[in-house]
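Residues per chain, in single letters:
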Amino acid sequence: MRRRSPPRRRRAGEEEDAHPSPDRLSALPDALLHHVMSSLKAWEVVRTCVLARRWRHLWASAPCVDLRLRPGRPDGDTAPEEFARFARSLFRRRDASAPVDTLRLRSSDVDGAFDEDDAKSWIRTAVKRRARVVHLIGHRDGLAALEHAAFVSRHLRILKLSYARLDDNLLTQLSSRCPSLEEMDLKDCLISGSEISSSSLKTLAMVKCNMFWGLTITAPNLVLLRCVKPIGQAPSFNNLGSIVAGTIILDDYCFSDDFEDFSKDELDETTDDDSDDGNKWRPKTGAGYGFGLPQKRHRPSGYKDAIDYGSDIESDDNTYEYSEIASDFDGSGYDDVGHSSTKDGNLWAHGENSGCSDSKISGGHNIIHSLSNATSLELLADAGEVILTGELKSCPSFSNLKTLSLGEWSMAADFDRLLLFLQCSPNLEKLFLELKLNFNVRKAMELGVKPNGRSFACKHLRMVKIKCSKDDVRVHKLARLFKANGVSVEKIFVRRTGSTYLRGKKTMKYLARHELEFWGDEFWGDD
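In this text, all values refer to a predicted model and were calculated from it rather than measured experimentally. Within any chain, residue numbers begin from 1 and follow the written order of that chain's sequence. Selection of residues for local features in this predicted model requires a pLDDT of at least 70, selection of side-chain atom pairs for listing and counting requires 80 or more, and totals for whole chains, interfaces and linings are taken over all residues. Computation of side-chain values covers all heavy atoms of the structure but excludes hydrogens and water.

A. Structural view of the confidence of the model for the protein. Scored from 0 to 100, pLDDT reflects the predictor's confidence in each residue. Taken as a whole, the protein shows an average pLDDT of 79; of its residues, 71% reach a score of 70 or greater. Contacts of residues 275-316 to residues separated by more than four positions or lying in other chains number 94 contacts, the stretch itself having pLDDT below 50. Contacts: residue pairs with any heavy atoms within 4.5 Å of one another.

B. Representation of helix 1 (residues 30-37). Of all the positions in helix 1, only Leu-33, His-34 and Met-37 are classed as buried. Viewed end-on, helix 1 has its buried residues packed into an arc of 100°, placing them on one side of the element. Turned more than 90 degrees away from the buried face of helix 1, the exposed residues are Ala-31 and His-35. Numbered from the N terminus, helices here are DSSP runs of H or I no shorter than four residues, and strands are runs of E no shorter than two. Elements in contact with the buried residues of helix 1: helix 2 (42-47). Relative accessibility decides the category of a residue: with a 1.4 Å probe and only protein chains considered, values under 20% of the type maximum give buried, values over 50% give exposed, and everything between is partly exposed. For this quantity, the arc is that covered by the directions from the helix axis to the C-beta atoms.

C. Representation of the sheet that holds strand 4 (residues 144-145). For two strands to be treated as a pair, DSSP must find at least two bridges joining them. If you trace the 3 strands from one edge of the open sheet to the other, you get 4-6-8, paired in parallel fashion. This sheet does not close on itself; its edge strands, each paired only once, are strand 4 and strand 8 (190-191). In this structure, strand 6 (residues 164-166) lies alongside strand 8, joined through 2 bridges in parallel fashion. Among the inter-strand pairings, Arg-165 is bridged to a residue of strand 8, identified as Leu-190.

D. Spatial organisation of the packing of aromatic side chains. In summary, the pairing rule links any two rings of Phe, Tyr or Trp, Trp by its six-membered ring, whose centres are within 6.5 Å, and it sorts them by plane angle into stacked for under 30 degrees, edge-to-face for over 60 and tilted for everything else. Tallied over the full model, the rule gives 8 aromatic pairs. Taking the centre distance of 6.1 Å and the plane angle of 45° together, the rings of Phe-83 and Phe-86 count as tilted. Taken as a pair, Phe-83 and Phe-86 lie in helix 3 (residues 83-93) at a separation of 3 residues, close to a single helical turn. Here Phe-83 matches Phe-86 in class, with each residue buried. Summarising the aromatic geometry, the rings of Phe-456 and Phe-482 are spaced 6.0 Å apart at their centres and angled 80° between planes, so their arrangement reads as edge-to-face. Here Phe-456 is found in the loop between helix 9 (441-447) and strand 19 (463-469), whereas its partner Phe-482 is found in helix 10 (residues 474-484), with 26 residues between them in sequence. This pair shows no difference in class: Phe-456 is buried, exactly as Phe-482 is. Ring-pair connections join several aromatic residues into one group, and the members of that group are Trp-43, Phe-83, Phe-86, Phe-114 and Trp-122.

E. Inspection of the packing of helix 8 (residues 412-423) against helix 10 at higher detail. As a packed pair, helix 8 and helix 10 sit with axes 13 Å apart at the nearest point and diverge in direction by 35°. Crossing geometry of helix 8 relative to helix 10 is assigned as right-handed. Taken together, the residues of helix 10 that come into contact with helix 8 (itself represented by Phe-415, Leu-418, Leu-419 and Leu-422) are Arg-474, Lys-477, Leu-478, Leu-481 and Phe-482. Here the residues of the contact of helix 8 with helix 10 are counted per class, giving 7 nonpolar, no polar and 2 charged. Every angle, taken between N-to-C directions, lies between 0 and 180 degrees, and every axis is a line fitted to C-alpha atoms, over only the stretch in contact when it is a helix. Helix crossings get a hand from a simple test, with the near helix turned counterclockwise from the far one by less than a right angle marking a left-handed crossing and a clockwise turn marking a right-handed one. Amino acids outside the nonpolar list (Ala, Val, Leu, Ile, Met, Phe, Trp, Tyr, Cys, Pro) and the charged list (Asp, Glu, Lys, Arg) are all regarded as polar, and Gly is one of them.

F. Local environment of the sheet that holds strand 13 (residues 236-238). An order of 9-11-13 is seen for the 3 strands of this open sheet, with the pairing classed as parallel. Two strands lie at the open edges of the sheet, namely strand 9 (195-197) and strand 13, each paired on one side alone. The mean inter-strand angle of the sheet, taken between neighbouring strand axes irrespective of direction, is 15°. Bridge count for strand 11 (residues 216-218) against strand 13 is 3 bridges, and the pairing is parallel. Each bridged residue has a counterpart across the sheet, and for Ile-217 the counterpart in strand 13 is Phe-237.

G. Spotlight on the pairing of strand 17 (residues 403-406). Burial along strand 17 is two-sided: the residues Thr-403 and Ser-405 and Leu-404 and Leu-406 are all buried. Judged from the 4 bridges that link them, strand 16 (residues 376-380) and strand 17 form a sheet pairing that is parallel. For Leu-379, the partnering residue across the bridge sits in strand 17 and is Leu-406. A crossover connection joins strand 17 to the parallel strand 18 (residues 430-434) through helix 8; in handedness this β-α-β unit is right-handed. Orient the strands so they point away from the viewer, and a crossover whose first-strand-to-second-strand path over the helix runs clockwise is right-handed.

H. Focus on the pattern of salt bridges. Definition used for salt bridges: Asp or Glu carboxyl oxygen within 4 Å of a side-chain nitrogen of Lys or Arg. Here the structure, examined in full by the defined rule, presents 16 salt bridges. A salt bridge links Asp-66 to Arg-104; its shortest N-O distance comes to 4.0 Å. Here Asp-66, found in strand 1 (residues 64-66), pairs with Arg-104, found in strand 2 (residues 102-106); they are 38 residues apart in sequence, far enough to count as distant. The exposure class of Asp-66 is buried, given its relative accessible area of 3%. Salt bridges linked by common partners bring Lys-41, Asp-66, Arg-68 and Arg-104 together as one network.

I. View of the pairing of strand 5 (residues 158-162). Of all 5 residues that make up strand 5, 5 are buried, and the element is covered over most of its length. Side chains Ile-158, Lys-160 and Ser-162 project from strand 5 onto one buried face, and the interleaved Leu-159 and Leu-161 project onto a second face that is buried too. With 5 bridges joining them, strand 3 (residues 133-137) and strand 5 adopt parallel strand pairing. Each residue of the ladder has a partner; that of Leu-136, found in strand 5, is Leu-161. Sheet analysis places strand 5 next to strand 7 (residues 183-187), joined by 5 bridges and oriented parallel. Bridge pairing links Ile-158 to Glu-183 in strand 7.

Next comes the structure, spelled out in structure tokens:
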């Protein structure tokens, strides 16, 4: 057997591998490598200089500078210890001819690595270096105060703010000194200014922003509008003649003196992903209901209660053609006039609104008329909503409207508001309805729907999708209304969520058990 010779030792000065593997990553063009760097933190981008000679100076012209530190600095965090010094050095050593296309940062660091003055300085530097995008995140317990004088730029196109304060000085500066500003994305901001006026603005998103002092929006070239649960007052609108898609979600409770956003107390400090998914906001189609292709109907195995809702009490995944569920409602359990024969007939009867007095709700002027040119509309609110209902008294014509999404607020008064929209939208193609069972079922049965004299002509309507709980009988009333106006059942789809009745009983049992556990013997008295 032939003995295997030992490996030959490499001589001094001899190359380790005469044919090394090619560095394909370094062969990519600068633009593509810069795109990869845009997903990294600023300090991670700088450290790429040690990868290869090709990368040595590439960081200095990277278009994105992301200075967001994670609060609390988890184990394994690689951010520089002297962060403010690092950031100043970064801007000083960057290629002066390369613009800072995008700046992402927090207003200050909860652990003291930098303060608000540092953040203001970095914003000034980025704006001077032709920044197109500025994304600033403040803190829930300390709103970011922006330096309005810094916003003088013909390059700034996108401004994203979370937990920031916008006063009249800043809004005026953005309007008059930022002629290229096209997109504003505001989340949890305090807007103390009285007007957002811009001829360049094309996209405006405001989510849970405080507007106690009143706000008017004038934007003749605005294309996309998203206003979600404004606090204090709803904004008013002027001159939105170019609007294409609009989303308005209102909650009257947000206008009451007792309003408090408890959801914020349950969350950790703002994350890196806050208000920034890497993509520009786009309007949702169909209100984001999650309707998919109709699924085959099935009944789950396992526990079934007396009403036969089974173990899918919490299920939100069942979407059907209406024809598949039409036979579910046969009128059993109700007498000849539609009264419930069960003692729980009024179980779901709730107040018409949040309890906030109509006189205390202000703003929202022209909120519906300003959207009359849109091709896609989403108007969501609970029963008894005041502003949308008041504005609908003089409903405009929606001749361009193709897609419409409406919430529970439009279901009251025998569907009169829904019918008014349908009568004013002759070219509608898709309709999405979201029903919430905070409605007196007995009244729904008593009123019914009277097709005679309640007609609409939507000749292009090719799809109706209704989201409701599986014990909401109004879906059958709606189906009759559509059938009476020439909409075939094949065009009607229903997404059924879990039973409101069973959810309510389950919640009541939980609350009762919790009270007993909390109070113990005191609940029963001292006897």
